[in-house]
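Structural overview
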Amino acid sequence: MTGADPRTRVLAFLRRQGLLGDAADAHLEPLTGGVSSDLWRVDLPGQTLCVKSALAQLNVAQEWRAPLSRNRVEYDWLRFAAGVAPGQVPIVVADDPDAGLFAMEFLPPQDYPVWKYQLLAGHVDVQAAQAVGDLVGRLHAASARDPESIARFATDDNFQALRIEPYLRSTGRAHPDLQQRFATLASVTAGTHLAVVHGDISPKNILLGPHGPVLLDAECAWYGDPAFDVAFCLNHLLLKSVALPHCAPALRIAADALLDAHRDHVTWEPPQRLDERVAALLPALALARVDGTSPVEYLDADQQEVVRRTARALLRAPATTTRDVLDSWAIPARTKEPTP
């Protein structure tokens, strides 16, 4: 079935799972928004589902290959998260790890808007940011030092392919004078194992539902460094403050709210230690979204240069706390970076 067209594969999966009768048909609508998987809305008699299948080569300009086993990783994370925060992840309906497919409930966009689109429209909901920080903190705390989580999410190779290489090592190669700094960050991040990390806490993967945020797209899930999740999400708020300068003050308040809400759950290590790693990662991830394997699409050339200048300055003279990083970002350097 590997060579079958996507629609045939999905229909066969649904029939194997008993979700679609042999003689019945289903309406499949491709969904957009991600680069790592094929995603379909599937209308069946009496219910609507979302079916997901991982891609071997991600839909980006540069070569970016990743193991298809991440489809099963996401399925496992959804089951874990549902036990911690029911209603804040989609309900999984069926799974076929051999075929690399799973089905989950479809959450209608009119009831579950995507946080990214709201932010880019200039609507900054500070309470939503606080709720995201609280949710991510609860998930981290629930998995910290948990033997079952340690065994289930020993997915270091997957995280290397999806995050360490394209975000840290690739960006380091694009900035040779900072390559050693990126190598150090990659080594520290890959070598830190404290809690289950989602790995893609981005506003594009967060729905603002009627009962709080809902997290999607956990293909990168890994028992690793929770600082990565915090830095990854804060980075998107920083980037949007560059894209939308008039929203920068509200986005800073939202970033503070997210950071504080997450910190309330940090019991697995001294909060200051985690904050130091967030502060170190944040400018590296910002530079990665300009010059790494997966740049964001909403920054123009001038805005990219603001990100590049500010991030490089923070990587050459690292801040000691995350709030120092946020403060530095509030007033990006207006002059050219001095030649080393």
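Residues numbered from 1 in each chain as written. Predicted model: local features only at pLDDT ≥ 70, side-chain atom pairs only at ≥ 80, totals over all residues. Heavy atoms only, no water.

Re the pairing of strand E5 (residues 101-105)
To be explicit about the condition: Each residue is placed in one exposure class: buried if its accessible area under a 1.4 Å probe, protein chains only, is under 20% of its type's maximum, exposed if it is over 50%, and partly exposed if it falls in between. Secondary structure follows DSSP: runs of H or I at least 4 residues long count as helices, runs of E at least 2 residues long count as strands, and numbering of each begins at the N terminus. Strand pairing is assigned whenever DSSP identifies at least 2 bridges connecting the two strands.
Among the five residues that make up E5, four are buried, leaving the element largely enclosed by the rest of the structure. Here strand E4 (residues 92-96) runs beside E5; their pairing, made up of four bridges, is antiparallel. Of the residues in E5, the one forming a bridge with Ala-94 is Ala-103. Between E4 and E5, which pair antiparallel in sequence order, lie four residues; one of them, Gly-100, sits at a positive phi of approximately 70 degrees.

Topic: the nonpolar core
We count it as follows: Side-chain atoms within 4.5 Å are what join buried Ala, Val, Leu, Ile, Met, Phe, Trp, Tyr and Cys residues into a set we call a nonpolar core. For this analysis, residues touch if any pair of their heavy atoms sits within 4.5 Å.
Of all hydrophobic cores here, the largest spans 89 residues; its most connected members are Trp-77, Trp-115 and Leu-299. Other than its neighbours up to four places away in sequence, Trp-77 contacts Val-89, Leu-139, Phe-153, Val-196, His-198, Leu-215, Ala-218 and Ala-221. Of all hydrophobic cores here, the second largest spans 16 residues; its members include Val-10, Phe-13, Leu-14 and Val-51.

Details of the packing of aromatic side chains
Quick note on the threshold: For this analysis, a ring pair means two rings from Phe, Tyr or Trp (six-membered ring only for Trp) whose centres lie within 6.5 Å, classed as stacked if their planes differ by under 30 degrees, edge-to-face if by over 60, and tilted for the remaining angles.
Under the criterion given, the structure shown has five aromatic pairs. Between Phe-80 and Phe-153 the ring centres are 6.1 Å apart and the planes differ by 65 degrees, which places this aromatic pair in the edge-to-face class. Of the two residues, Phe-80 is situated in helix H2 (residues 70-84) and Phe-153 in the loop between helix H5 (147-152) and helix H6 (156-174); the sequence distance between them amounts to 73 residues. Pairing Phe-159 with Trp-222 gives two aromatic rings, centres 4.0 Å apart and planes at 20 degrees, and the pair type is stacked.

Thoughts on the pattern of salt bridges
Note the cut-off: Definition used for salt bridges: Asp or Glu carboxyl oxygen within 4 Å of a side-chain nitrogen of Lys or Arg.
Overall, the coordinates contain 23 salt bridges when judged by the stated rule. For Lys-52, the salt bridge is made with Glu-74, and the minimal N-O distance between the two is 2.8 Å. One end of the pair, Lys-52, is in strand E3 (residues 47-54); the other, Glu-74, is in helix H2, with 22 residues separating them in the sequence. Like Glu-74, Lys-52 is buried. Via salt bridges that share partners, Arg-252, Asp-256, Asp-260, Arg-323 and Asp-327 belong to a single interconnected network.

Things to note about the confidence of the model for the protein chain
Applied cut-off: pLDDT runs from 0 to 100 and stands for how confident the predictor is about each residue.
When pLDDT is averaged along the protein chain, the result is 89, and 89% of the positions lie at 70 or above. Predicted confidence is poor over residues 56-66, with pLDDT under 50, and the contacts of this stretch with residues over four places away or in other chains come to 32 contacts. Predicted confidence for residues 333-340 stays below pLDDT 50, and this span has 10 contacts to residues more than four positions away or in other chains.

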